[in-house]
Structure formats: structure tokens, C-alpha cells
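Each chain is listed here by its residues.
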Amino acid sequence: MAATRPALIALTALAPVSWGSTYAVTTELLPPDRPLFTGLMRALPAGLLLLALARVLPRGAWWGKAAVLGVLNIGAFFPLLFLAAYRMPGGMAAVVGSLGPLLVVGLSALLLGQRPTARSVLTGVVAAFGVSLVVLEAAGGLDPLGVLAAVASTASMSTGTVLAGRWGRPDGVGPLALTAWQLTAGGLLLAPLALLVEGAPPALDGPAVGGYLYLALANTALAYWLWFRGIGRLSATQVTFLGPLSPLTAAVIGWAALGEALGQVQLAGMALAFGATLAGQRAPRGRTVAIAAPFGSASKKGRKDSMDLMGPALRR
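So, how was this worked out
- Residues numbered from 1 in each chain as written.
- Predicted model: local features only at pLDDT ≥ 70, side-chain atom pairs only at ≥ 80, totals over all residues.
- Heavy atoms only, no water.
- Salt bridge = Lys/Arg side-chain N within 4 Å of Asp/Glu carboxyl O.
- Helix = DSSP H or I, 4+ residues; strand = E, 2+ residues; numbered from the N terminus.
- Buried < 20%, exposed > 50% of the residue type's maximum accessible area, 1.4 Å probe, protein only.
- Phe/Tyr/Trp six-rings, centres within 6.5 Å; stacked < 30°, edge-to-face > 60°.
- Lys NZ or Arg CZ within 6 Å of the ring centre and 35° of its normal.
- Core = buried A, V, L, I, M, F, W, Y, C linked by side-chain atoms within 4.5 Å.
- Axes fitted to C-alpha atoms, helices over the stretch in contact; angles between N-to-C directions.
- Parallel < 35°, antiparallel > 145°, perpendicular 65-115°, else oblique.
- Left-handed = near helix turned anticlockwise from the far one by under 90°.
- Contact = heavy atoms within 4.5 Å.
- Patch = residues over 30% accessible without salt bridge, like charges linked within 9 Å, V, L, I, M, F, W, Y side chains within 5 Å.
- Areas by Shrake-Rupley, 256 points an atom, 1.4 Å probe, with all protein chains shown as cover.

K.L.:
How do you make sense of the pattern of salt bridges when you look at a structure like this?
P.N.:
Note on pairing: side chains with opposite charge can pair once their charged atoms come close. All chains considered together, the criterion is met by one salt bridge. In this structure, the salt-bridge partner of Glu198 is Arg34, at a minimum N-O distance of 3.3 Å. Separated by 164 residues along the polypeptide, Glu198 in helix α10 (residues 175–198) and Arg34 in the loop between α2 (22–29) and α3 (35–54) bring together distant segments of the chain. For the pair shown, Glu198 and Arg34 are each scored as buried.

Rendered as C-alpha cells:
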């Protein structure tokens, strides 16, 4: 039975909701200052597990495409994200990340020649402003390397999201295999880098082991499968506008589990960001979204349809 569009959007939204727990898990359970090792532990175990389940390897040009997507969405994004979290206030990093929808709109215009609509730009601005009200706090001077890492991580994931929607998938290959290829490629890139830059793996206690298991299984394997499944069935713009759910979830977890306060300004920001997320899911008038077909194949869909950013249906 084909899923309805609201159900598909809701399932895809579980990915950024899960990612919203990453900061709490990292700060409370994991060893500090190990962005490469933490990225490796998120990516490679999850990729190998999904690869064993899918039992499908890339063919032909997809070896190169899977490697590019693996670097952009995993191999570069993970360590840059953790580096930003280690070196700057989490709220500021979240604000930079919330600019992802605007980057996707801009990259789509630059790389795919698709004109952005006023609605998509306005929705992206409102989402970023809402997130800034929720998480941005007055803190000391910003670390230049942290800012650069946050911008680079957002740009990397945004580019990967656009290309993932543009390329679709090979015939007969589902989102499970495509997710496995990217996680494995990104993990294999991080393995030697983590060893060369950070040295031997740190000693892990029980909470750290539990944290890494959560990140690898629920936060990465399951969440990225849902994410790339959504990219194949929705448009890049719809998926990227689910991204603000990640910092909003982080704020709620901080309030519920870590004793952090939520004031009236933050609640107003949450309402703005959530409203922009909902607005980003609206299909334009006169356009329909085909979601009954399986994860989009580039050979079965026209290039225009496989990446209709301003049309029916993205994040990070």
C-alpha cells in the first residue's frame, strides 16, 4: 500500500528529530574532543550493518557517485559538525545549520538552473530566524575555526542533499542500499584520518559504548535510511525544510532532560521555526507529487522531475 504524503513527510521528519539528540548524547556520554573518531563510530558500523542487510554493491558510475555522496553527507559532514560543536556554543552552530534550506535553494539555482521562489526564500529566512530565537544565546567571542567548520558542514550536507535528489538511484536499488553505500564510503574515509590525526581510539566506559551504539543504530543507520528514502520520494526543498526540527528537538531535550530553561522568546522562536517547517511542505498550486513509486530512479524519472526543488515537495 502506498504511503500518503503526510505519512511520508512524518517518517522523514523522524531523521532530524533523532539528530536533535546528538548534542546531548555527545556532551553527556562520549569522550571529548574526538570529532573524527566520533564521526567514524557513527558512520562505519552503521554502513557495514546496512550493507550486510542490503547485500548490494554499486555498479559502474555509481561507485563514483556513492563516494561523492558519502564524502559530502557523511565523511566531511560528521567531523565538521562535531568540530563545530566542540569549538563554539551549540546554539550558534545550530543557527548556522538552520541556513541549510537557503543553501539548498541557492545551490539548486546555481547547479541545476532552477529559479528560487519568493515563498521558498521567505520560508527559509523565517525558519533560520525562529531557530536563532530558540538557541542563540549571548556568549563570548566566536571561535573562527568553529564558525568555519559549522559553515562547511552545512554547505557539505546541503550539496549532498541536492546531488542525492538529482541523481536518484540505480534501477533495482532501494534506499537501504544507497544509505549503506554512503555511510560505508564516509566511514572508510574517516578511519585513516581519525588514526592519523587523533591517534589511537580512546578508552570507552559503559555510557560511551551505549552512546556510540545509539548514534550508530538509531541516530545514523535508521535515521539516514529514512532521510534518503524521503529525498527519493519528496523534493529537495521539502526535505531540507524539515532540518529545523533538529535544533528544536535539541532545545526540548535540553529543557526536559538537562534542566535548561525555555523562555517566552524561545517558545515564540519554536513556533516560527515549526510554522516554517510546515510551510516548506506545501505543494505549489497546480502541481501534484507522485509518492507511490519506490525510491526514485534517475533512469525512470526525467531529470527535471527527479530534482524539482521549487515544485511539489527538502533539509539537511
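K.L.:
Help me out: how do you make sense of the packing of aromatic side chains in this one?
P.N.:
Tallied over the full model, the rule gives seven aromatic pairs. Ring geometry for Phe77 against Phe78: centres 6.0 Å apart, planes inclined by 50°, an arrangement best described as tilted. Comparing Phe77 with Phe78, the two get one shared label, buried. Arranged with centres 5.8 Å apart and planes meeting at 70°, the rings of Phe78 and Tyr224 form a pair that is edge-to-face. Taken together, the residues span a long stretch of sequence, with Phe78 in helix α5 (residues 77–87) and Tyr224 in helix α11 (residues 206–233) at a distance of 146 residues. This pair shows no difference in class: Phe78 is buried, exactly as Tyr224 is. The rings of Trp19, Phe77, Phe78, Tyr224, Trp227 and Phe228 are connected pair by pair, giving a single aromatic cluster. Over the ring of Phe78 we find Arg42, and its NZ or CZ is 4.1 Å from the ring centre.

K.L.:
It is not clear to me how the nonpolar core should be interpreted in this structure. Could you clarify?
P.N.:
Membership of the largest hydrophobic core comes to 36 residues, with the highest contact counts inside it found for Trp19, Trp181, Tyr224 and Trp227. Ranked by residues supplied to this core, first place goes to α11 with six residues.

K.L.:
Just to check I follow, could you spell out the packing of α3 against α11 for this structure?
P.N.:
Packed helices, taken two at a time, are described by the angle between their axes plus the distance between the axes. Where α3 meets α11, the closest approach of the two axes is 8 Å, and the angle between their N-to-C directions is 55°. Compared by their axis directions, α3 and α11 come out oblique. Relative to α11, α3 is oriented so that their crossing is right-handed. For the pair α3 and α11, the contacting residues are Phe37, Thr38, Met41, Arg42, Pro45, Ala46, Leu49 and Leu50 in the first and Tyr212, Leu215, Ala216, Leu217, Asn219, Thr220, Ala221 and Tyr224 in the second.

K.L.:
How should I be thinking about unusual backbone geometry in this particular structure?
P.N.:
Backbone geometry follows two general trends: most residues other than glycine have a negative phi, and most peptide bonds adopt the trans configuration. Here Asp33, not a glycine, exhibits a phi torsion of approximately 60°, which is positive. Relative to the helices and strands, Asp33 resides in the loop between α2 and α3. A positive phi is found at Arg55, a non-glycine position, where the angle reads about 55°.

K.L.:
Mind showing me how you'd approach a nonpolar patch on the surface here?
P.N.:
Taken together, the side chains of Leu49, Leu53, Leu204, Val209, Leu213 and Leu217 define a hydrophobic patch exposed on the protein surface, amounting to about 510 Å² of accessible area. Elements represented by at least two residues in the nonpolar patch include exactly α3 and α11. Residue contributions to the nonpolar patch peak at three residues, all from α11. In this structure, Leu49 sits in helix α3.

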